[in-house]
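Below, each chain spelled out in residue letters.
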Amino acid sequence: MANNEEHNYFTEFLSNTNLFQVLMDDLLSESQRGAVLIGMEYVSEHLKELVVEIMPHESNKKQKELLNFSGLLGTFGAKIELCYAFRIIDHTIYESLKAIQRLRNQAAHSNKNFDLADDRYKQEFDKFLNMGQGFRPMIKDIAPRTLGRIKVENVVYALREQGLSDDEIKKYFDNYEVTQEMEELFQTQRLHWELLFGVVMICANLFHIKNSLKEQLKESTTWSSAIRKVSIDQSI
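Owing to the predicted nature of the structure, the values given are computational and were not obtained by experimental measurement.

1. Examining the nonpolar core
L50, I89, L97 and F128 are the most contacted members of the largest nonpolar core, which has 54 residues in total. Residue assignment for this core shows that the elements contributing at least two residues are α2 (19–27), α3 (32–54), α5 (76–85), α6 (91–108), α7 (119–129), α8 (135–161) and α10 (180–217). In this structure I89 touches L50, I80, C83, Y84, Y94, L97 and I209, once residues within four positions along its chain are discounted.

2. Focus on the packing of aromatic side chains
Inspection of every chain in the model, using the stated rule, returns eight aromatic pairs. Aromatic pair F20 and F197: ring centres 5.3 Å apart, planes at 55 degrees, arrangement tilted. Highlighted residues: F20 in helix α2 and F197 in helix α10, separated in sequence by 177 residues. Overall, F20 belongs to the partly exposed group, its relative accessible area being 21%. For the ring pair Y172 and Y176, a centre distance of 5.7 Å and an interplane angle of 50 degrees mean the geometry is tilted. We classify Y176 as partly exposed; its relative accessible area is 37%. Among the aromatic side chains, those forming a connected cluster through ring pairs are F20, W193 and F197.

3. Digging into unusual backbone geometry
The backbone of R87 shows a phi angle near 60 degrees, a positive value even though the residue is not glycine. In this fold, R87 is placed in the loop between α5 and α6. Residue R87 is classed as exposed on the basis of its relative accessible area, which comes to 78%.

4. What to know about the side chain of R190
Within the element layout of this structure, R190 appears in helix α10. Residues within four places of R190 in sequence aside, it is in contact with A143, P144 and L147.

5. A short note on the pattern of salt bridges
Counting across every chain of the model gives twelve salt bridges. A salt bridge links R102 to E124; the shortest N-O distance between them is 2.9 Å. Of this pair, R102 sits in helix α6 while E124 sits in helix α7, and the two are 22 residues apart along the sequence. With its nearest N and O atoms 3.1 Å apart, the salt bridge here joins K140 to E194. Of this pair, K140 sits in helix α8 while E194 sits in helix α10, and the two are 54 residues apart along the sequence. When its relative accessible area of 0% is taken as the criterion, E194 is described as buried. Residues joined by salt bridges that share partners form a network here, namely K122, D126, K140, R190 and E194.

6. Overview of a nonpolar patch on the surface
A contiguous nonpolar surface patch, about 350 Å² in accessible area, is contributed by Y172, Y176, V178 and M182. Structurally, Y172 can be placed in helix α9 (residues 166–174). Residue class for Y172 comes out partly exposed when judged on its relative accessible area of 34%.

Conventions used here
- Residues numbered from 1 in each chain as written.
- Predicted model: local features only at pLDDT ≥ 70, side-chain atom pairs only at ≥ 80, totals over all residues.
- Heavy atoms only, no water.
- Core = buried A, V, L, I, M, F, W, Y, C linked by side-chain atoms within 4.5 Å.
- Buried < 20%, exposed > 50% of the residue type's maximum accessible area, 1.4 Å probe, protein only.
- Helix = DSSP H or I, 4+ residues; strand = E, 2+ residues; numbered from the N terminus.
- Contact = heavy atoms within 4.5 Å.
- Phe/Tyr/Trp six-rings, centres within 6.5 Å; stacked < 30°, edge-to-face > 60°.
- Salt bridge = Lys/Arg side-chain N within 4 Å of Asp/Glu carboxyl O.
- Patch = residues over 30% accessible without salt bridge, like charges linked within 9 Å, V, L, I, M, F, W, Y side chains within 5 Å.
- Areas by Shrake-Rupley, 256 points an atom, 1.4 Å probe, with all protein chains shown as cover.

Below, the structure is given as structure tokens:
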């Protein structure tokens, strides 16, 4: 499973943003194709914020020149390569970002029957979720459990609105039978939730890296001056 440090910065990210709720509203009502395209936009925005953090802040004009669509860093792919080349992100995050980039391109050029369970897309989806040790199995575990919990809560709420007692609700669930159609729907919705958690967690990773770099750079204008300052501080 993800370690305590990863859990802490993920919790911090959720406490400082409403991204999880926003993605619930934006992704879950979409087709899988639409959900991938929308999710990618949020990942792209967080990667851009990371790149902006490591750029010189003296000139907004220079930032705009580099980041506009025709600039050297105007594409999602260029930002990934920059961050990896300068060791801002590790190989695992690099591969995860490349996977969601490829998945996005596949979705953009596919028809309306785009399905993450399809062998053509499943491998890239799994690579995207594999953004660090333990992340993919954690997402695979938490997504269906969260979906199931919400479904149960919604049914309980509806039954209570109809005036059923707790004993009657328990009896309802004891006699509840899951049909094949319901199981197929659950599996489709599960993939939406896996994507949602994947997007939130990769954004949390990028958010954490951005804040760590901000703390290290502080008032330094270059990485070399930041490293020298750390060395001096440690020698005092």
